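A look at the structure
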Amino acid sequence: MITILNRKELLCTFDMKKQAEVRDILWKFDISYEVRVSDRADVFMGGRMTGGSSEIPEHQAEYLIYVKKEDYDRAMFLVQRNIKE
């Protein structure tokens, strides 16, 4: 089980495809992970920082992927080795 005390951030991205690719790699190599998604639409739309409808939809969600601290080095190696640029 991944808890706030035993986890380390592996990836922070706004790219849905990249986070899915990283999750696939972790799953393939049997590395437990946790994903947190923050929807930033409220910040931009409510505060009208970007003029409302001009906000880029791809940048509304921030994806944070965490792994256990003990799995971090292996996970980072596998992601760097297997990620498609």
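Our subject is the structure that appears above.
To start, this report covers the structure provided alongside it.

Let's shift gears to helix H3 (residues 72-82). Buried residues of H3: Tyr-72, Ala-75, Met-76, Leu-78 and Val-79, and no others. Looking straight down H3, one finds its buried side chains confined to an arc of 165°; they lie on one side. Turned more than 90 degrees off the buried face of H3, the exposed positions are Asp-73, Gln-80 and Arg-81. Buried-residue contacts for H3 involve strand S1 (7-13), helix H1 (16-28) and strand S3 (61-68).

With the rule as written, the count across this model stands at zero aromatic pairs. Note that Arg-7 overlies the ring of Tyr-66, its terminal NZ or CZ placed 3.9 Å from the centroid. Above the face of the Tyr-72 ring, Lys-8 is positioned so that its terminal group lies 4.2 Å from the ring centre.

Okay, the pattern of salt bridges next. Pairs can form between side chains of opposite charge once their charged atoms are near each other. Per the counting criterion, the structure on display carries two salt bridges. Glu-34 is paired through a salt bridge with Arg-7; the nearest N and O atoms lie 3.3 Å apart. Placement of the pair is Glu-34 in strand S2 (residues 33-39) and Arg-7 in strand S1, with a sequence separation of 27 residues. Overall, Arg-7 belongs to the buried group, its relative accessible area being 19%. Its salt-bridge partner being Arg-36, residue Glu-34 comes within 2.7 Å of it at the nearest N-O pair. Residue Arg-36 is classed as partly exposed on the basis of its relative accessible area, which comes to 44%. Connected through salt bridges with shared partners, the residues Arg-7, Glu-34 and Arg-36 form a single ionic network.

The backbone of Asp-30 sits at a positive phi, close to 55°, despite the residue not being glycine. Inspection of the secondary structure assignment puts Asp-30 in the loop between H1 and S2.

With that settled, the discussion passes to the environment of Gln-19. Its place among the elements puts Gln-19 in helix H1. Under the relative-accessibility criterion, Gln-19 is labelled buried at 6%. When the C-alpha atoms of Gln-19 and Ile-65 are compared, they prove to be 7.8 Å apart, with 46 residues separating the residues in sequence. The residues touching Gln-19, leaving out its near neighbours within four places in the chain, are Leu-11, Thr-13, Val-35, Tyr-63 and Ile-65. There is a polar contact of 3.3 Å between the side chain of Gln-19 and the backbone oxygen of Met-16.

The rules behind these values
- Residues numbered from 1 in each chain as written.
- Predicted model: local features only at pLDDT ≥ 70, side-chain atom pairs only at ≥ 80, totals over all residues.
- Heavy atoms only, no water.
- Buried < 20%, exposed > 50% of the residue type's maximum accessible area, 1.4 Å probe, protein only.
- Helix = DSSP H or I, 4+ residues; strand = E, 2+ residues; numbered from the N terminus.
- Arc of directions from axis to C-beta.
- Contact = heavy atoms within 4.5 Å.
- Phe/Tyr/Trp six-rings, centres within 6.5 Å; stacked < 30°, edge-to-face > 60°.
- Lys NZ or Arg CZ within 6 Å of the ring centre and 35° of its normal.
- Salt bridge = Lys/Arg side-chain N within 4 Å of Asp/Glu carboxyl O.
- Polar contact = N/O pair within 3.5 Å; in protein donor to acceptor, adjacent residues only side chain to side chain.

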